[in-house]
Amino acid sequence: MMRKILFLYLGMLSAISMIAQSNSFSGKQKRQFWDAELAYERGDYLTVIKELEKLRTADADYSRLYYIKGDSYFLLDNYDSAKVYLELAKTENVDAYFKLAYLSLNQENIVESNDYLNEYKKLSVNQKSQIPTYESAQLSNNIAFAKKELESPEIVNIINLGEAINSDAHEYVPLISADEELIIFTSRRQEDSNVLDTYGKPFENVYASRNRDNRRWEPAKLIEGSVNTSGHDACVGLSPDGNTLFLFRSNENGVGGDLYESLFVNDNWTTPVRMSENINGALSIEPSASISLDGRTLYFSSNREGGFGGFDLYRVIKLPNGEWSLPLNLGAGVNTIFDDDAPFIHANGKSLYYSSKGFENMGGYDIFKSESKDGIFQSPTNLGYPTNSTKDDIYFTISANEQHGYYSSDKKGGYGKQDIYRIDYLEKSLRQSVISANVMIDGIPSFTEITLLDGESGELVGVFSSNKSTGKFIFLVNPEVKYELIIEGDDFEEYSEMIMYTLEAVSYTHLTL
């Protein structure tokens, strides 16, 4: 699901309406204005541009339409055309300066962005602006923070995942299993079975690939099972063990959308099922989700009433009866008056990564990390540049040992539009190892309950369940710490083993039982 930076101001529609009332236009031309207004309301910016283009020769003072047209190009991510029309609109609409400042920041033109914003601030004192004061203040903070970050980047290695994953189309929302053996992502590449949407672009589909021997990704294919349909299908979350997939699907009327869940059973993904009404609101949008390693806590974003701003982060807990609890807002330490989205809960259950347009950031969405203390997530830390940029940075996932991050970007040198990249954090020390194990009874996968205890104190570290189809389960261990692993099932006697891994051990270890 592609996310855009949206500025939907009532002033835009008012401008169209006021122009349509002009006596200089015929009835047909006025209808074209109304068509443009309706198209803008439903987000059909191509139609807005098309209808306004018809009026170029009709209106002697076409400059009144430049801002509307420039903004429509901006919302379509056509920044070159947007800049042309916003420049022409400066004399008619002071807000054009604000948009130009935002556009310049998006392209890392810090000085130019600051100049545009200063001009906007000066002129908006005496000219009417539709930009909220807090938006202007945030953009000013964005420019200052971006300048600081660009001057002191973190040492990382950024690697394109290659042609096995990326194409000449859009690839985004990379989802990685905790052992980094599975990647699932969304793409708008053309397939024989894929039809085009009203904009002439292929519908979104979900793809998957396996990482063989931790060396290379297999060529990505349409995900097996019943996930993809003839419409838009977008993945937004994956359980650490890679067996539960969360998807976002638009409503039939195209307004809003909900979260769906699909399970990996018998080497196929089941038909996605709409999640609980405690998660999906009747009048809200829930675009993303992430589930804890034990499968008992789900984090998701929603723009439901009662939040702090646009989209907020919430959590629900699995009740003893198997149902999800009522949602709990994660609070003012995490959420802002802006949009907060795309949660990713680390396998340790304490580190929450997510994207926000608020706080101290470089522009658009930045990626943040919040740590849980006594069950409450604290104020987050910006991951800095180059993990973040002046563009939208969203749908970020990180490996269990926090050595590798995955994200999508439209940076130069890629295979097409947005590509999927891996970030190697060279300055981070190895923290935890991921243990991947399979429980097999006479060669047949077995469903079991696994208990992990601290080998010295006997304290409970975690309780896990193996997958019914594969017998696989995943857990984390700290290096140089002794653990007791207890496996219980109906078909065999209780199994117990003491385990310990060193700093020199590979970060992903397969344990055969």
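Residues numbered from 1 in each chain as written. Predicted model: local features only at pLDDT ≥ 70, side-chain atom pairs only at ≥ 80, totals over all residues. Heavy atoms only, no water.

(A) Examining the packing of helix α6 (residues 95–106) against helix α7 (residues 110–123) more closely. Close contact between α6 and α7 brings their axes to 8 Å; oriented N to C, the two are set at 160°. Accordingly, the angle class assigned to the pair α6 and α7 is roughly antiparallel. For the pair α6 and α7, the crossing hand works out as left-handed. From α6, Asp95, Tyr97, Phe98, Leu100, Ala101, Ser104 and Leu105 reach across to α7, where they touch Ile110, Glu112, Ser113, Tyr116, Leu117, Glu119, Tyr120 and Leu123. Among the residues forming the contact of α6 with α7, the class breakdown is 10 nonpolar, two polar and three charged. (Axes fitted to C-alpha atoms, helices over the stretch in contact; angles between N-to-C directions. Helix = DSSP H or I, 4+ residues; strand = E, 2+ residues; numbered from the N terminus. Parallel < 35°, antiparallel > 145°, perpendicular 65-115°, else oblique. Left-handed = near helix turned anticlockwise from the far one by under 90°. Contact = heavy atoms within 4.5 Å. Nonpolar A, V, L, I, M, F, W, Y, C, P; charged D, E, K, R; others polar.)

(B) Examining the nonpolar core more closely. If you look at the biggest cluster of nonpolar residues, it comprises 40 residues, and the most contacted ones within it are Leu52, Phe74, Leu117, Tyr120 and Leu139. Where this core is concerned, the elements lending two or more residues are α2 (27–41), α3 (45–53), α4 (63–75), α5 (79–89), α6, α7 and α8 (133–150). The element contributing the most residues to this core is α6, with eight residues. Membership of the second largest hydrophobic core comes to 32 residues, among which are Leu175, Leu182, Ala208 and Ala289. (Core = buried A, V, L, I, M, F, W, Y, C linked by side-chain atoms within 4.5 Å. Buried < 20%, exposed > 50% of the residue type's maximum accessible area, 1.4 Å probe, protein only.)

(C) Structural detail: the sheet that holds strand β13 (residues 297–302). Taking strand neighbours across the sheet as the criterion, the four strands line up as β12-β13-β14-β15 in an open arrangement whose pairing is antiparallel. Because the sheet does not close on itself, it has two edges, and the strands there are β12 (289–291) and β15 (328–329). Taken together, the three bridges between β12 and β13 define a ladder with antiparallel strand orientation. The residue of β13 that forms the bridge with Ser290 is Tyr299. (Pairing = 2+ DSSP bridges.)

(D) Quick look at the packing of aromatic side chains. Summed over the entire model, instances satisfying the criterion amount to 15 aromatic pairs. Where Phe74 meets Tyr102, the ring centres are 6.2 Å apart and the plane angle is 85°; that geometry is what we call edge-to-face. Within this pair, whereas Phe74 is found in helix α4, its partner Tyr102 is found in helix α6, the two being separated by 28 residues in sequence. Exposure remark for Phe74: the relative accessible area of 2% places this residue in the buried category. Here the aromatic rings of Phe359 and Phe368 are separated by 5.4 Å at their centres, their planes lie at 55°, and the arrangement is tilted. Through successive ring pairs, a cluster of aromatic residues spans Tyr66, Tyr73 and Tyr85. (Phe/Tyr/Trp six-rings, centres within 6.5 Å; stacked < 30°, edge-to-face > 60°.)

(E) Here's a closer look at the packing of α5 against α6. Packing of α5 against α6 brings their axes to within 9 Å, and their N-to-C directions diverge by 150°. Considered as vectors, α5 and α6 are oriented roughly antiparallel to each other. Here the hand of the crossing between α5 and α6 comes out left-handed. Contact residues: α5 offers Tyr79, Ala82, Lys83, Leu86, Glu87 and Ala89, while α6 offers Ala96, Lys99, Leu100, Leu103 and Asn106. Of the residues contributing to the contact of α5 with α6, the split by class is seven nonpolar, one polar and three charged.

(F) Seen up close, the pattern of salt bridges. Tallied over the entire structure, the rule returns 14 salt bridges. Ionic pairing is found between Glu402 and Lys369, a salt bridge with its closest N-O pair at 3.1 Å. Residue Glu402 is found in the loop between β21 (397–398) and β22 (404–409), and its partner Lys369 is found in strand β18 (residues 366–373); the two are separated by 33 residues along the sequence. Lys369 carries the same exposure label as Glu402, and that label is buried. In the salt-bridge network here, residues are joined through shared partners; they are Lys369, Glu371 and Glu402. (Salt bridge = Lys/Arg side-chain N within 4 Å of Asp/Glu carboxyl O.)

Bear in mind that shape data such as this cannot, by itself, settle questions of function.
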